[in-house]
Number of protein chains: 4
Amino acid sequence: MNTTRLEAFSDGVLAIIITIMVLELRAPHETSIMALRPLLPVLLSYLLSFVYIGIYWNNHHHMLHAAQRVNGGIMWANLHLLFWLSLVPFATGWMGENHFAAVPTALYGTILFMAAVAYWILQRAIMTEHGNDLLTKAVGIDLKGKLSPVLYALAILAAFFYSWISQVIYVAVALIWLLPDRRIELVMQDEDGSRQM
Amino acid sequence: MNTTRLEAFSDGVLAIIITIMVLELRAPHETSIMALRPLLPVLLSYLLSFVYIGIYWNNHHHMLHAAQRVNGGIMWANLHLLFWLSLVPFATGWMGENHFAAVPTALYGTILFMAAVAYWILQRAIMTEHGNDLLTKAVGIDLKGKLSPVLYALAILAAFFYSWISQVIYVAVALIWLLPDRRIELVMQDEDGSRQM
Amino acid sequence: MNTTRLEAFSDGVLAIIITIMVLELRAPHETSIMALRPLLPVLLSYLLSFVYIGIYWNNHHHMLHAAQRVNGGIMWANLHLLFWLSLVPFATGWMGENHFAAVPTALYGTILFMAAVAYWILQRAIMTEHGNDLLTKAVGIDLKGKLSPVLYALAILAAFFYSWISQVIYVAVALIWLLPDRRIELVMQDEDGSRQM
Amino acid sequence: MNTTRLEAFSDGVLAIIITIMVLELRAPHETSIMALRPLLPVLLSYLLSFVYIGIYWNNHHHMLHAAQRVNGGIMWANLHLLFWLSLVPFATGWMGENHFAAVPTALYGTILFMAAVAYWILQRAIMTEHGNDLLTKAVGIDLKGKLSPVLYALAILAAFFYSWISQVIYVAVALIWLLPDRRIELVMQDEDGSRQM
């Protein structure tokens, strides 16, 4: 069994997730510029989640590119990842509508944490199937993959004290995935290939 | 006519079904952890349906892999299956929001029952087109395919007495499809290939 | 330019149209079987539209199968068809929620009429591009394609007198497309190939 | 890395955007023809946005046809474009429900402006990757690509004085993209190929 239909189905689910989030952005009844102000936190949390789903789509793309075969374990590890990502719109809406309050912010981090764990499990399942060679080399020490869950855990804790610290951490982790890889990509081409931007 | 576009369309519909279910999980207005408690049954019924749609996607994938041609009968048998699966989000939402009450639980079972029947009809239509050889061998005695509707029928009855029994049955049927096949897959590779996980 | 991406995009839009219609089927607050009764007309109109979108997907599939090239005119004729079909969920919901009242029933017929016209325009655009030979032969006299708009027009008129007559016509047109083609397909294989079931 | 999955993902997102907009068209509770009147501006703004998303899909299709490779920069430039386009349903709903009031009309123009900028950035990213030859020749002086943002800016300003002027501009820009290219296509075939209809 090859990876084509798994990729197509995952692309479909990710495309829907990234798009239905915008339904949280409800048109206000008034038509003044002021009426848009309460939507700003909703828009910002939408933007954050848009970037995260974009990163996952990108990394997922690269990881499956390195895989040649799909077995039952990989299929379910993939669905497990999609399950956690499908909860992102819910957490995004709750966090945005409540102006980054403590509990919604912590829940958002929890879902990012679980998605990172699910991604790691999927990576393991693909490595096991392919004899640990290609993807193992590609992933390398996977510093970012190990650092992200630790930072999410910190953000979850921080949410109960100063929730803006959590937001800074969420933005920082997104930047870690976004920015340096592009630089690395230009310099070293395919090093760390499975998770580059 | 080949199976590519049929698979692509089915993947699209299944990806949408699996994702729009999460829209039932509405962000609460309060921001305490307690505000999440009433959402727990909604989340659990979402998880159950997510797994069921995942199983259907998987089995559908395998079955169409064995098919080489598509005729009008197969197309409509496939749309018939998608119709019943498209009702899963409705039953999931009704069951979750009403904390697994009797009638919604029975309706959920009825839709699973009808989807199982529709799957069986689709299987028959593919077998007839392909001369009963390849898929017939792959499906074998299809114990799980025959057992599932019986268990759904039991769950529908049980819902009117103790609806938790129905829930146990729904989880059990999902596990029947999930767990042993993975084991079988590792041991026997392609035996029962059309419906493995 | 080939037809692959046009088919993929159309499949995506049709898959979304066929699935979001089910969002009209809102979970009732009560949990008795009686609570489902007011949903029956909504479910029936969903079923009718599901079959119609299925027929369009099927015919669209066959027609594009006969096309080798896509030009700007075909692209926009295709989007024009998708526009009218995208209004089907709206008319379906309005008609179902109001128990097949006169004006919603007439609107439903109007949208089916416009979709039929749009399909005919798309067929013309493909014929013009391909020199009238392949598809022209396949379409033949296209009795069903000519009869359907006439029947829709009758149904629109009838809606203002007895709206059940309109419903009978809608079901009848769906059956015209569904039933005989399957028979023809078995007997004559690829005659009338562009619009068979 | 090739363009296939990028196209598939973009097609998915655009198909969802173009279809969920119709959810703004809510079925009225009454069943008279008069009940449809307040929906007319919603329908008209839906039609306008449908055409714009159709134009973007078309142009995107052509541009990626000229690209052979995708790098990280192109991927993110593409997601950036999809982000702005994903805000179109929000602005469409707000503008339609408020009968083309000043601020919603200006916001609509702002999102079209940002999408045009994002498209230009994506075009640049593809040109840089491919050594400025193929697409550069195809794009040519790209008069329409340069004119559109200027016209959007004018429309944003005009919205605060006479919002119907803005609407005329939005329709005019859509026509600029729609009409002449079809003519050009017939006469000159592949000149200005990257953005033809």
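Here the structure is a predicted model, which means the values were calculated and not measured. Every chain is numbered independently, its residues counted from 1 as its sequence is written. Labels are handed out in written order, letters beginning with A for the chains and numbers beginning with 1 for the ligands. Only residues with pLDDT of 70 or above have their local features reported here, since the model is predicted, and side-chain atom pairs are shown and tallied only from 80 upward, although totals for entire chains, interfaces and linings are computed over all residues.

Peer 1: Can you walk me through the interface of chain D and chain A in this structure?
Peer 2: How big an interface is tends to be stated in terms of the accessible area lost upon association of its parts. In this assembly, 27 residues from chain D lie in contact with 25 residues from chain A. Only DSSP runs of H or I reaching four residues or more are called helices, and only runs of E reaching two or more are called strands; each is numbered from the N terminus. At the level of secondary structure, the elements contributing two or more residues to the side of chain D that touches chain A comprise α1 (4-20), α3 (72-86), α4 (88-97) and α5 (102-129) of chain D. At eight residues, the largest contribution of residues to the side of chain D that touches chain A is made by α1(D). Grouping the constituent residues of the side of chain D that touches chain A by class yields 18 nonpolar, seven polar and two charged. This entry defines residue contacts through backbone-placed C-beta atoms, with two residues in contact when those atoms are within 7 Å. Gly counts as polar in this scheme, as do all residues outside two lists: the nonpolar Ala, Val, Leu, Ile, Met, Phe, Trp, Tyr, Cys and Pro, and the charged Asp, Glu, Lys and Arg.

Peer 1: Sorry if this is basic, but what is going on with the interface of chain B and chain A here?
Peer 2: Taken residue by residue, the interface counts 25 residues in chain B and 26 residues in chain A. Broken down by secondary-structure element, the contributors of at least two residues to the side of chain B that touches chain A are α1 (4-20), α2 (40-66) and α8 (163-188) of chain B. The dominant element in the side of chain B that touches chain A, judged by the number of residues it contributes, is α1(B), at eight residues. In the side of chain B that touches chain A, the residues fall into 12 nonpolar, eight polar and five charged.

Peer 1: Would you mind showing me how to read the relation of the copies chain D and chain A here?
Peer 2: Look at the two chain copies: a rotation about an axis and a shift along it is all it takes to match them. Fitting of the copies onto one another was done by least squares over C-alpha atoms, counting residues only where both copies have pLDDT of at least 70. Structural alignment of chain D on chain A gives an RMSD of 0.0 Å, achieved by rotating through 90° and translating 0.0 Å along the axis. Taken together, the turn and the small shift mark the pair as related by a four-fold rotation axis. Across chain D, the smallest distance between a C-alpha and the rotation axis is recorded for G12(D), namely 4.5 Å. Different-surface contact between copies: only 11% of interface residues of chain D are shared with the interface of chain A.

Peer 1: Honestly, the packing of helix α1 (residues 4-20) of chain A against helix α3 (residues 72-86) of chain A in this entry has me stumped. Any pointers?
Peer 2: The packing of two helices is summarised by the inter-axis angle and the distance between the axes. Residue and element names in this part refer to chain A. Axis lines are fitted through C-alpha atoms, for helices just across the contact stretch, and the angle between N-to-C directions can take any value from 0 to 180 degrees. Where α1 contacts α3, the axes come no closer than 10 Å and their chain directions differ by 5°. Taken together, the axis directions place α1 and α3 in an arrangement best described as roughly parallel. On α3, the residues touching L6, S10, V13 and I17 of α1 are M75, N78, L82, L85 and S86. Of the residues belonging to the contact of α1 with α3, the class tally is six nonpolar, three polar and no charged. Orientation categories follow fixed angle ranges, with anything under 35 degrees roughly parallel, anything over 145 roughly antiparallel, 65 to 115 roughly perpendicular, and all other angles oblique.

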